[in-house]
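If you want the building blocks of each chain, they are given just below.
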Amino acid sequence: MELNKITTPFAVQRQPLETQMIKRTPAEAQNQFKVALSDAIKNVNHMQSQSSEATLRLARGEAENLHEVMILGQKASITLQATVEVRNKVIEAYQEIMRMQV
């Protein structure tokens, strides 16, 4: 397991400028957002399960390195906090859109 690599649920994917300028239909944008959100939630779940597994190994006395267990716990916590903040921003944006007068 590589501890130096930090993954976030909503990692920014760098794309060439030509790819960023492609016009998408609302259905394509919705599908892309759904896939990104699903991947982010799966990543959070994976981090949480890794942390739980490492904590159980530590409790059973099977863990070799306490630092690794603590780092996994912190990564899982930060990933969950970032996901919650993104969710809050999405809800806030939705509420702002609903307040707009047409």
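For every chain, the first residue of the written sequence is number 1, and numbering continues from 1 onward in sequence order. Thresholds applied to this predicted model are a pLDDT of at least 70 for local features of residues and 80 or more for the giving and counting of side-chain atom pairs; totals over whole chains, interfaces and linings are not thresholded and use all residues. Water and hydrogen atoms play no part in the side-chain values, which are based on all heavy atoms of the structure.

**Q** A description of the overall build of the protein should follow, citing residues and the corresponding values.
**A** A run of DSSP states H or I qualifies as a helix once it reaches four residues; a run of E qualifies as a strand once it reaches two. Both are numbered from the N-terminal end. Along its length, the protein carries three helices and zero strands. When the helices and strands of the protein are placed in sequence order, the string is α-α-α. Burial classes: relative accessible area under 20% of the type maximum marks a residue as buried, over 50% as exposed, and values in between as partly exposed (1.4 Å probe, protein chains only). By residue count, 13% of the 102 residues in the protein fall in the buried class. Only heavy atoms matter for contacts: two residues are in contact if any of them lie within 4.5 Å across the pair. In the protein, 72% of the contacts between residues at least 6 apart in sequence involve partners at least 24 apart.

**Q** Any chance you could break down the environment of Asn43 for me, citing the residues and the numbers?
**A** Tracing the backbone shows Asn43 in helix α2 (residues 26–59). Residue classification places Asn43 among the buried positions, given a relative accessible area of 17%. Put simply, Asn43 and Ala76 are 33 residues apart on the chain and 9.5 Å apart in space, counted from C-alpha to C-alpha.

**Q** I'd like a description of helix α3 (residues 66–99), backed by residues and values.
**A** The terminal C-alpha atoms of α3, which comprises 34 residues, lie 50 Å apart, in line with the 50 Å expected from a rise of 1.5 Å per residue. Listed as buried for α3 are Val69, Leu72, Lys75, Ala76, Thr79 and Thr83. Each element contacted by the buried residues of α3 is listed here: α2. In the analysis that follows, any N or O atom pair within 3.5 Å is treated as a polar contact, provided that within protein one partner can donate a hydrogen and the other can accept it, and provided that, for residues neighboring in sequence, both atoms belong to side chains. For α3, the capping residue at the N-terminal end is Asn65, with a side-chain oxygen 3.0 Å from the backbone nitrogen of His67. A helix's residues, less one, multiplied by 1.5 Å, set its expected span.

**Q** Let's hear about α2: which residues, and what values?
**A** The terminal C-alpha atoms of α2 lie 49 Å apart, and with 34 residues this matches the ideal 50 Å at 1.5 Å per residue to within 8%. Taken as a whole, α2 has its buried residues at Ala40, Asn43, Val44, Met47, Ser51 and Ala54. Those residues of α2 that are buried are in contact with α3. Positive backbone phi, at 85 degrees, marks Gly61, one or two positions downstream of α2.

**Q** Break down the packing of α2 against α3 for me, with residues and values.
**A** Put simply, α2 and α3 touch, their axes get as near as 9 Å, and they point 150 degrees apart. By the angle between their axes, α2 is roughly antiparallel relative to α3. Between α2 and α3 lies a crossing of left-handed hand. Residues Phe33, Val44, Met47, Gln48, Gln50, Ser51, Ala54, Thr55, Arg57 and Leu58 of α2 form the contact with α3, whose participating residues are Leu66, Glu68, Val69, Leu72, Gly73, Lys75, Ala76, Ser77, Thr79, Leu80, Thr83 and Val90. For every element, the axis is a line fit to its C-alpha atoms; helices are fit only across the contacting stretch, and the angle between N-to-C directions ranges from 0 to 180 degrees. What sets the label is the angle itself: under 35 degrees gives roughly parallel, over 145 gives roughly antiparallel, 65 to 115 gives roughly perpendicular, and the rest give oblique. Definitions for this section: a left-handed crossing has its near helix turned counterclockwise from the far helix by less than a right angle. A right-handed crossing has that turn clockwise.

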